[in-house]
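Breakdown of the fold
What follows is the residue order along each chain.
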Amino acid sequence: MKFNELKIQKNILRALREAGYEQPTPIQQKAIPPVLAGRDVLGCAQTGTGKTCAFSVPIIQRLCRTEGKSGTVRALILTPTRELALQIYENVCQYARYTSCTCAVIYGGVSQVPQVEAIQRGADILIATPGRLWDLMGQGIVKLGKVECFVLDEADRMLDMGFIHDVTRILDKIPHRKNLGLFSATISREVMDIAWVYQRDAEEIT
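Structure report, in brief. (Residues numbered from 1 in each chain as written. Predicted model: local features only at pLDDT ≥ 70, side-chain atom pairs only at ≥ 80, totals over all residues. Heavy atoms only, no water.)

**Notes on the overall build of the protein**
What counts here: Counting from the N terminus, the helices are DSSP H or I runs at least four residues long and the strands are E runs at least two residues long. The size measure is the radius of gyration over C-alpha atoms, and the globule rule it meets is 2.2 Å times the number of residues to the 0.38 power. Throughout, a contact is declared for two residues whenever any of their heavy atoms are within 4.5 Å. Surface exposure here means Shrake-Rupley accessible area, sampled with a 1.4 Å probe, where a residue is shielded only by the protein chains that are shown. Charge assignment: positive for Lys and Arg, negative for Asp and Glu; neither His nor the chain ends contribute. The atom standing in for a charge is NZ when the residue is Lys, CZ when it is Arg, CG when it is Asp and CD when it is Glu.
Each helix and strand counted, the protein has 9 helices and 7 strands in total. Relative to the compact-globule value of 17 Å for 206 residues, the protein shows a C-alpha radius of gyration of 16 Å, a close match. In terms of overall dimensions, the protein has a C-alpha envelope of 45 × 40 × 30 Å along the principal axes. Within the protein, residue pairs in contact and separated by at least 24 positions form 72% of the contacts whose partners lie at least 6 positions apart. Accessible surface, the protein: about 9700 Å² in total, of which carbon and sulfur atoms supply 49%. Taken as two groups, the 25 positive and 22 negative side-chain charges of the protein have centres that lie 7 Å from each other.

So this is what it looks like as structure tokens:
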């Protein structure tokens, strides 16, 4: 199978080719179509199998084909660590380079000033760690009222690290979410609890 068989736009395909992507991995083959269709997805695949591409490429495409206020956060990707947040941000920038989608990344342990400036310049997709996101929400800098797509990446690690209450509080602040993607290397009881409460008719992919 080739990426163009997954109904991906030409400008995104161009970016994927330039990044060296040739054939979709199994998680990409199975996850991209339901995310493109706006379905909830519970995806289990090991680190390094291409989960970031599997959820971010269809989100970029969906945001490009619907009208939203420019620079409003319409997709949120939550991840447990700064390193993962930066890695996802770099990948999303690559995939979206020939589209109108903009993105920003926020994480703790550093000054929030440049991150706040990036948000104020406008970001359709926000990649965040839970603590810094909650801080900026509390300051009124990040607003999630327009978020359509929400992804919990490395959900098992996030819950193991004690972020369960931050995750559920953030989920409860997204009133008009159209779909939720949970991606994890393992599906623990805690991940299933989140899925049962917050997902609707999810496509389960292993």
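**Let's talk about helix α6 (residues 130-138)**
Rules: Relative accessible area decides the class of each residue, using a 1.4 Å probe on protein chains only: under 20% of the type maximum gives buried, over 50% gives exposed, and in between gives partly exposed. Directions from the helix axis toward the C-beta atoms define the arc.
Residues P130, R132, L133, L136 and M137 constitute the buried set of α6. Around the axis of α6, the buried residues are gathered within 165° of arc, so they sit on the same side. Looking at the packing, one finds that the buried side of α6 touches β2 (75-78), β3 (103-106), α5 (113-121), β4 (125-128), α7 (155-160) and α8 (164-172).

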